[in-house]
Amino acid sequence: AQTVTQSQPEMSVQEAETVTLSCTYDTSESDYYLFWYKQPPSRQMILVIRQEAYKQQNATENRFSVNFQKAAKSFSLKISDSQLGDAAMYFCAYRVGANSKLTFGKGITLSVRP
Amino acid sequence: GAVVSQHPSRVICKSGTSVKIECRSLDFQATTMFWYRQFPKQSLMLMATSNEGSKATYEQGVEKDKFLINHASLTLSTLTVTSAHPEDSSFYICSASHTGVGTGELFFGEGSRLTVL
């Protein structure tokens, strides 16, 4: 069974600094998708960034980037120039196919200090 | 594009009553929708996978007679919590798969907060 592990329950970062959220996963598949979702207090799930496993290049979206290590099954999220609005719960997630379920990690609560 | 709407956003009901939550894909057809449940400060737990025109597939430990799922059209799936009890109080989130996009992304509704008195 596929599992997603986020071992850090909470992290804190100073505004304008950089923070990295870790995620590991376990799968026997060779082709899959990885995601980071943000859930602010409104509880709306917001896609932050996605990575297709067949792509070697790490995905980037403005201040957000990932370090995807396929062999190590690691998928960390780096947030640069942290902003107060980045404070939220972040979930790492895994998905195999177009109609398959999304498997989430336990999530990490990120706080941003002004 | 790829908007999923969930209704109601909040519902309060008395113990023993049934509550229906709707999940609609507004601008795309969703052959597959997923229902998740989330407790405060916890992750999303998949309850069931809803496929248009067929019976839902429930995750282990989820009572299919309590959580009725109907996916009657390509744009609508409903979750009915039958004979609700206080322990059913939770946040329920639906998501839909947009196969036309090709990114593997799931699109989420706004969620529904159920409180059973």
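Residues numbered from 1 in each chain as written. Chains lettered and ligands numbered in written order. Predicted model: local features only at pLDDT ≥ 70, side-chain atom pairs only at ≥ 80, totals over all residues. Heavy atoms only, no water.

### Quick notes on the packing of aromatic side chains
- Applying the stated rule across the entire model yields 15 aromatic pairs over all chains.
- Arranged with centres 6.3 Å apart and planes meeting at 80°, the rings of Phe68(A) and Phe75(A) form a pair that is edge-to-face. In terms of burial, Phe68(A) and Phe75(A) fall into one category: buried.
- Over the ring of Phe91(B) we find Arg43(A), and its NZ or CZ is 4.2 Å from the ring centre. (Phe/Tyr/Trp six-rings, centres within 6.5 Å; stacked < 30°, edge-to-face > 60°. Buried < 20%, exposed > 50% of the residue type's maximum accessible area, 1.4 Å probe, protein only. Lys NZ or Arg CZ within 6 Å of the ring centre and 35° of its normal.)

### Regarding the state of the cysteines
Residue and element names in this part refer to chain B.
- Taken as a whole and judged by the stated rule, the model has two disulfides over all chains.
- There is a disulfide in this structure between Cys23 and Cys94, and the S-S distance comes to 2.0 Å. Linking Cys23 and Cys94, the disulfide has an S-S dihedral of approximately 80° and is accordingly described as right-handed. Pair noted here: Cys23 is in strand β3 (residues 19-25) and Cys94 is in strand β9 (residues 90-97), with a separation of 71 residues, a long-range link. Grouping residues by exposure puts Cys23 and Cys94 together as buried. (Disulfide = S-S within 2.5 Å. Helix = DSSP H or I, 4+ residues; strand = E, 2+ residues; numbered from the N terminus.)

### Quick look at the interface of chain A and chain B
- Contact with chain A, which involves 20 residues of that partner, is made by 26 residues of chain B.
- Between chain A and chain B, the buried area comes to about 1,900 Å², and carbon and sulfur atoms account for 51% of it.
- Our enumeration of links across chain A and chain B arrives at two salt bridges.
- The residue Arg50(A) makes a salt bridge to Glu105(B) at a minimum N-O spacing of 3.1 Å. (Contact = heavy atoms within 4.5 Å. Buried area = accessible area lost by both parts, 1.4 Å probe. Salt bridge = Lys/Arg side-chain N within 4 Å of Asp/Glu carboxyl O.)

### With respect to the sheet that holds β3(B)
All names here are of chain B.
- One open sheet accounts for four strands, arranged β1-β3-β8-β7; its pairing is antiparallel. Each of the sheet's edge strands pairs with one partner strand only, and the pair in question is β1 (4-7) and β7 (67-73). Going across the sheet, the axis of each strand differs from the next one's by a mean of 15°, ignoring polarity.
- Where β1 lies against β3, four bridges are found, and the strand directions are antiparallel. Paired with Val4 across the strands is Ser25, a residue of β3. (Pairing = 2+ DSSP bridges. Axes fitted to C-alpha atoms, helices over the stretch in contact; angles between N-to-C directions.)

### Overview of the environment of His98(B)
Residue and element names in this part refer to chain B.
- Structurally, His98 is set in the loop between β9 and β10 (106-108).
- Note: C-alpha distance between His98 and Thr31 (67 residues apart in sequence) is 8.1 Å.
- Excluding anything up to four places from it in sequence, His98 contacts Ala2, Phe28 and Phe107.

Coordinates in, geometry out; function isn't part of it.
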